[in-house]
Amino acid sequence: MFKKLMAATALISASMISAASAETISMWVRSGIGDSFKEVVKAYNAGHENKVELTEVPFAELVQKYATAIAGGQAPDALSLDLIYTPAFAAAGQLEDLTDWSKALPYFNSLSPSHVKLGTYEDKIYGLPLTVETSIFAWNKDLYEKAGLDPEKAPKTWQEITANAEKIRALGGDTYGFYFSGGGCGGCMIFTFTPLTWGAGADILSADGKTATLDTPQMRKAVDIYRNMVEKDLVPAGAASDNGVNFLSFTNGKIGQQSLGAFAIGTLVTQHPEIDFGVTLIPGVDGKPSSFAGGDNFVTKGTPRLEEVKEFLEYTYSPEGQKIMAKFGSLPTRGDIANEVLEGLDPRLKVGMEAIAVAQTPYTLQFNDLINSANGPWATFTNAAIYGDDIDGAFSNAQDEMQSIIDAGQ
C-alpha cells in the first residue's frame with residue numbers, strides 16, 4: 001500500500017513539474033496570414049506541452065507596433081514578419097542573431113534561398129522562412145480553347161503571350177487577354193512585373209541595395225511589352241487605376257492570362273472550381289523565367305523562451321508541419337522534402353516550388369519608401385511608364401528619386 005501511495009505521489013509530482021515547466025510562446029502575425037499557419041499552430045499545441053498563442057495584428061500596423069514594442073521591452077517571443085522588412089529590423093539591432101543555430105539545422109541549405117538572403121545582414125542570420133509565396137503566370141484554358149489556342153500549351157515568351165491575348169480579346173465583349181494591377185500598386189507590380197527583367201539578368205537595385213539600377217534595356221523592353229498590350233486594348237481600362245483591390249481579376253473568368261501569386265492556385269481550386277486554368281513560370285523579356293519571392297520570415301528578439309521558440313520553428317519545418325501548411329495552401333519552405341509534402345495535392349502547386357528556385361526579392365533597408373508606397377518612385381514609375389506619354393521622363397524621374405531615397409538612408 002505504501003509503495004503504491006509513493007508511486008502515485010511521484011506520478012502526481014512529475015505531472016505537476018511538467019505542467020509547471022510548460023511555456024506559452026506569444027507570437028504576433030499579420031492579419032490575413034491564412035489558415036495554413038494557424039493550422040500548424042493548432043497541431044503543435046495539440047501535441048506539445050509548450051503552446052503558441054497567436055495575436056493577429058492589422059497588416060498596416062504590424063511593423064510600427066513591433067518597433068514600438070521592441071523599444072519598450074514589450075516584444076512578443078516571436079514574430080511573423082514580411083521578409084522585405086527583415087534587413088531593416090536587423091540593421092536596427094531589433095532582431096536576434098540566429099546564425100549558429102540556423103546553420104546547424106541539417107536542412108538549412110534547402111530553405112527558401114530568398115528568405116534566407118533577406119534574413120541575413122552583415123553575414124549573420126536574423127530571420128528564417130516561415131511562409132513562402134511566389135509569383136506565377138496563369139492562363140484560362142476555356143478562353144484559350146474558345147480563341148483557337150491549345151489550352152494545354154503554356155506560353156513561354158511575351159511575344160506568345162501577346163499573340164494569345166490578341167486572339168482572346170477578339171472574342172469580344174468584356175473578355176480581355178491580359179490583366180495587371182497598374183494603378184499605383186507598387187507591391188503588385190514588384191511581384192508580377194519585375195520578374196520580366198530578373199529573368200533576363202537585370203535588376204532595379206544593385207546587389208547591396210545602395211544603387212538604383214532601374215533604367216536598363218531589359219526594363220525598357222518590359223515596359224514596351226505592357227504598353228503594347230494596353231495600346232492594343234488587350235487589358236481592361238480599369239487596370240490603370242487598380243490599386244490592388246482587383247488583383248485577382250483572373251477569378252472572374254473574363255481574363256485570359258495574368259501573373260498572380262501561387263496562393264491564387266488554392267483560391268481558384270476552392271472558390272472558383274468553374275475556372276479551368278494552367279500555371280507556369282513568368283517568362284523574362286528574353287524568355288528565361290523568374291519570380292518574386294514573398295511571404296514571411298520568422299524572427300525573435302530578447303525572449304527568455306528562445307529554446308521553446310526554436311522547438312516550435314523546428315516543428316513547422318518537420319515533414320508533419322510542412323504537410324499541414326501545404327494542405328492549407330502554403331508552399332513548402334524546405335526544398336528537400338517538397339515532393340513528399342506536395343504528394344496528393346494539386347499538381348499545379350509544384351510550379352510554385354519551381355518558382356522558388358529562380359525567385360528574387362529586392363534587398364534594401366528602404367523597401368516601403370522605394371517600392372511599396374503608393375506614392376513612391378516604383379509605383380509612380382510603373383504607372384507613368386506604361387500609361388504615360390513621357391517614357392524617358394518616367395525612367396529619369398524614378399531613377400533619381402530612388403537614388404535620393406537610398407542616399408538619405410545611408
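Analysis parameters
- Residues numbered from 1 in each chain as written.
- Predicted model: local features only at pLDDT ≥ 70, side-chain atom pairs only at ≥ 80, totals over all residues.
- Heavy atoms only, no water.
- Helix = DSSP H or I, 4+ residues; strand = E, 2+ residues; numbered from the N terminus.
- Rg over C-alpha atoms; globule rule 2.2 N^0.38 Å.
- Buried < 20%, exposed > 50% of the residue type's maximum accessible area, 1.4 Å probe, protein only.
- Contact = heavy atoms within 4.5 Å.
- Areas by Shrake-Rupley, 256 points an atom, 1.4 Å probe, with all protein chains shown as cover.
- Core = buried A, V, L, I, M, F, W, Y, C linked by side-chain atoms within 4.5 Å.
- Axes fitted to C-alpha atoms, helices over the stretch in contact; angles between N-to-C directions.
- Parallel < 35°, antiparallel > 145°, perpendicular 65-115°, else oblique.
- Left-handed = near helix turned anticlockwise from the far one by under 90°.
- Nonpolar A, V, L, I, M, F, W, Y, C, P; charged D, E, K, R; others polar.
- 1 Å grid on protein atoms, 1.4 Å probe; cavity = no way out; pocket = protein on both sides within 12 Å on 5 of 7 lines; lining within 4 Å.
- Points joined across faces, edges and corners; volume = space filled by probe spheres on them.
- Pairing = 2+ DSSP bridges.
- Disulfide = S-S within 2.5 Å.
- Right-handed = clockwise from strand over helix to strand, strands pointing away.
- pLDDT = per-residue confidence, 0-100.
- Salt bridge = Lys/Arg side-chain N within 4 Å of Asp/Glu carboxyl O.

Asks: Quick one: what's the story with the overall build of the chain, residue by residue and with numbers?
Replies: For the chain, the count of helices and strands is 19 helices and 11 strands. Its C-alpha atoms give the chain a radius of gyration of 23 Å, within 12% of the compact-globule value 22 Å for 410 residues. Overall, the chain is about 90 × 50 × 35 Å in size when its C-alpha atoms are taken along their principal axes. Looking at the 410 residues of the chain, the share that counts as buried comes to 53%. Residue pairs in contact within the chain that sit at least 24 positions apart in sequence constitute 75% of those at least 6 positions apart. By element, 52% of the accessible surface of the chain is carried by carbon and sulfur atoms, the whole surface being about 17600 Å².

Asks: Let's hear about the nonpolar core: which residues, and what values?
Replies: By size, the foremost hydrophobic cluster in this structure holds 95 residues, and its most contacted members are Trp158, Met219, Tyr226, Trp378 and Phe381. It is helix α11 (residues 217-231) that contributes the most residues to this core, 6 residues altogether. When sequence neighbours within four positions are dropped, the list of residues in contact with Trp378 reads Gly186, Met189, Ile190, Phe193, Thr194, Ile204, Leu214, Met219, Leu370 and Ile371. By size, the runner-up hydrophobic cluster in this structure holds 29 residues, among which are Leu98, Phe108, Leu111 and Leu306.

Asks: Which residues make up the environment of Ile136, and what are the values?
Replies: Here Ile136 is to be found in strand β6 (residues 128-140). With 175 residues separating them in the primary sequence, Ile136 and Glu311 have C-alpha atoms 33 Å apart. Those residues within four positions of Ile136 in sequence are excluded, and the remaining contacts are Gln258, Ser259, Leu260, Gly261, Ala262, Ile265, Val279, Thr280, Ile282, Val351, Gly352 and Ala355.

Asks: Could you give an account of the packing of α11 against helix α18 (residues 377-387), naming the residues involved and the relevant values?
Replies: At a minimum axis distance of 8 Å, the contact between α11 and α18 shows a crossing angle of 55°. With respect to α18, the axis of α11 lies oblique. The two elements α11 and α18 cross, and the hand of that crossing is right-handed. Here α11 contributes Met219, Val223, Tyr226, Arg227 and Val230 to the contact with α18, which in turn contributes Trp378, Phe381, Ala384, Ala385, Ile386 and Tyr387. Classifying every residue of the contact of α11 with α18 by side-chain character gives 10 nonpolar, no polar and 1 charged.

Asks: Can you lay out the packing of α18 against helix α19 (residues 391-408) for me, pointing to particular residues and giving the numbers?
Replies: Viewed as axis vectors pointing N to C, α18 and α19 meet at an angle of 175°, and their least axial separation amounts to 9 Å. Compared by their axis directions, α18 and α19 come out roughly antiparallel. Where α18 approaches α19, its residues Pro377, Phe381, Ala384 and Ala385 are matched on the opposing element by Ile391, Ala394, Phe395, Ala398, Glu401, Met402 and Ile405. Grouping the constituent residues of the contact of α18 with α19 by class yields 10 nonpolar, no polar and 1 charged.

Asks: I'd like a rundown of the layout of surface pockets, residues and numbers included.
Replies: To find leftover empty space, one rolls a probe the size of a water molecule over the atoms. Each pocket or cavity is described by its volume, and for the largest pocket that value is around 1400 Å³. Broken down by secondary-structure element, the contributors of at least two residues to the lining of the largest pocket are α2 (35-47), α3 (59-71), β3 (78-82), β6, α9 (186-192), α12 (263-271), β10 (289-299) and α17 (367-372). Its residues assigned to classes, the lining of the largest pocket comprises 20 nonpolar, 21 polar and 5 charged. Around the second largest pocket, the lining comprises 15 residues; the ones closest to its centre are Tyr121, Asp208, Lys210, Tyr363 and Leu365. Taken together, the residues of the lining of the second largest pocket sort by class into 4 nonpolar, 6 polar and 5 charged.

Asks: Could you give me a rundown of the pairing of β3, with the residues and numbers involved?
Replies: Of all 5 residues in β3, 5 are buried, a share of seventy percent or more. Relative to β3, strand β1 (residues 24-30) runs parallel, the two being bridged by 2 bridges. Bridging across to β3, Met27 finds its partner in Ala78. Examined bridge by bridge, β3 and β10 share 4 bridges and lie antiparallel to one another. By the bridge assignment, Asp82 is partnered in β10 with Asp296.

Asks: Can you tell me about the environment of Val52, naming the residues and giving the values?
Replies: Mapped onto the elements, Val52 comes out in strand β2 (residues 51-57). Under the relative-accessibility criterion, Val52 is labelled buried at 6%. Considered as a pair, Val52 and Asp77 are 25 residues apart in the sequence and their alpha carbons are 9.6 Å apart. Leave out the neighbours within four places in its chain, and Val52 touches Ile25, Met27, Val41, Tyr44, Asn45 and Phe312.

Asks: Give a description of the state of the cysteines that names residues and reports values.
Replies: Put plainly, a disulfide is one covalent bond tying together the sulfur atoms of two cysteines. In this structure the tally under the stated criterion is 1 disulfide. The residue that forms a disulfide with Cys185 is Cys188, at a sulfur-sulfur distance of 2.0 Å. Handedness of the Cys185-Cys188 disulfide follows from its S-S torsion of about 65°: it is right-handed. Here the two residues Cys185 and Cys188 agree in accessibility, since each one is buried.

Asks: How would you explain the pairing of β2 if you had to name every residue and give the values?
Replies: Here β1 pairs with β2 via 7 bridges, running parallel. Of the residues in β2, the one forming a bridge with Thr24 is Lys51. Taking the sense of rotation as the criterion, the β-α-β connection linking β1, α2 and β2 turns out right-handed.

Asks: I'd like a rundown of the confidence of the model for the chain, residues and numbers included.
Replies: The share of residues in the chain with pLDDT of 70 or more is 95%, and the mean pLDDT across the chain is 93. Segment residues 5-19 is flagged for pLDDT under 50; beyond a separation of four residues in sequence, or across chains, it makes 1 contact in the model.

Asks: So what's going on with the pattern of salt bridges? Residues and values would help.
Replies: As enumerated under the stated definition, the model contains 18 salt bridges in all. Ionic pairing is found between Glu56 and Lys38, a salt bridge with its closest N-O pair at 2.9 Å. Residue Glu56 is found in strand β2, and its partner Lys38 is found in helix α2; the two are separated by 18 residues along the sequence. On the accessibility criterion, Glu56 (40% relative accessible area) is partly exposed.

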